[in-house]
Structure formats: structure tokens, C-alpha cells
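# Remarks on the overall topology
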Amino acid sequence: MLLLATAGISGCKKNNANSFPASGAVAGWEKSSETRTFEPKDLWQYIDGDSEQFIQAGVVSTATSDYKYQGQLEAVVDVYTMGGPDGAQTILERGQTRDAQSVPLGDEGLQYAQSVNFRKGRYLVRIVAYQSSASTPQALMALAHGVEANL
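Since the structure is predicted, the reported quantities are computational estimates derived from the model, not experimental observations.

## Brief notes about the pattern of salt bridges
Close approach of charged atoms allows side chains with opposite charge to pair. Within the structure shown, the criterion is met by five salt bridges. Among the salt bridges present, the one from Asp42 reaches Lys41, with a minimum N-O distance of 3.2 Å. Residue class for Lys41 comes out exposed when judged on its relative accessible area of 63%. Linking Glu108 and Arg119 is a salt bridge whose minimum nitrogen-to-oxygen distance equals 3.0 Å. Here Arg119 lies in strand β7 (residues 115-120) and Glu108 lies in strand β6 (residues 108-111), a separation of eleven residues in the sequence. Judged by relative accessible area, Arg119 falls into the buried class, the value being 12%.

Structure representation (C-alpha cells):
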């Protein structure tokens, strides 16, 4: 019985750290940092001033990693694992502004000039580029599809 309980616990939840594509898995993108994870009580260390809304929406854990596109464009990918899909939807909608364009990602996706945000089930993903160029929107969408495939 103990063996069954242990097998059930280890196989039930997918670790959001596995959501990050490896270097080269998405054309032109290289993973440029180790994945860092934050529990709700420590989230303020990563997104100070904004962590409370995530906690209220039911964040379970947050994982983040940096990427570089063709050695030039730098971006950060954040994967928030929420307690359920409602929490992911709440945060996505709360952050939406008028310049958002709907994109086909996950259950709902939004693209901005330098970022892509989407939700898929209980996951909320934010990808933000530090620079902008003509290729930024397409490059971010490619990376977003790579993350989506791992969720």
C-alpha cells in the first residue's frame, strides 16, 4: 500500500520546471540560465509588489528561466502553476491592456510588442523580451509554442 501511495504522489503532478524548452529545442533560442523556482511565500523575492495578486489567485509555484535568441534578443520565461484554471484566467485578464492582440496559444493567448502571455489549464505563462526588433514578435511566439508543447 505504501508503494502505491508513493507511486501516486510522484506521478500525479508535472513539475513546471520541465516546461522550459532545452537549448536548441526552439529554432534560434538558447536557454541562458538555470531554472529558478519560488513557492508562494517566497514569490515576493522575484516579483516584489506584484506577488500578492498571484497568491490571492492561488499560485502554487513559480518557475523562471532566461533565454537568448540568435545571441542577441534576451527574454525571460515565467511559468506560474496555479491551483486551478480560474486562477490563471484571473491573472491573464487582470494584466490585459488595450494593445493586446489575441493569439492561438493554450486556452487563451495575448501578444504585445515585447511579450506573450497565455494560459493553459492551470498554467499561466509570461514571456517578456528585454529588447525590441522587427523579429521580436515572431521569435517570442516560437518560444511560447515551445513552452506550450511542454505543458
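Still more ground to cover, so stick around.
## Comments concerning the packing of aromatic side chains
Tallying each qualifying case throughout the model produces four aromatic pairs. Arranged with centres 5.1 Å apart and planes meeting at 45°, the rings of Trp29 and Tyr69 form a pair that is tilted. With Trp29 in strand β1 (residues 29-31) and Tyr69 in strand β3 (residues 59-69), the pair connects residues that are 40 residues apart, well separated along the chain. Pairing Phe54 with Tyr80 gives two aromatic rings, centres 4.3 Å apart and planes at 20°, and the pair type is stacked. Of this pair, Phe54 sits in helix α2 (residues 51-56) while Tyr80 sits in strand β4 (residues 73-82), and the two are 26 residues apart along the sequence. The class for Tyr80 is buried, based on a relative accessible area of 1%. Among the aromatic residues, ring-to-ring pairing joins Trp29, Tyr67 and Tyr69 into one connected group.

The rules behind these values
Residues numbered from 1 in each chain as written. Predicted model: local features only at pLDDT ≥ 70, side-chain atom pairs only at ≥ 80, totals over all residues. Heavy atoms only, no water. Salt bridge = Lys/Arg side-chain N within 4 Å of Asp/Glu carboxyl O. Buried < 20%, exposed > 50% of the residue type's maximum accessible area, 1.4 Å probe, protein only. Helix = DSSP H or I, 4+ residues; strand = E, 2+ residues; numbered from the N terminus. Phe/Tyr/Trp six-rings, centres within 6.5 Å; stacked < 30°, edge-to-face > 60°.

Function cannot be read off these values alone, since they describe shape.
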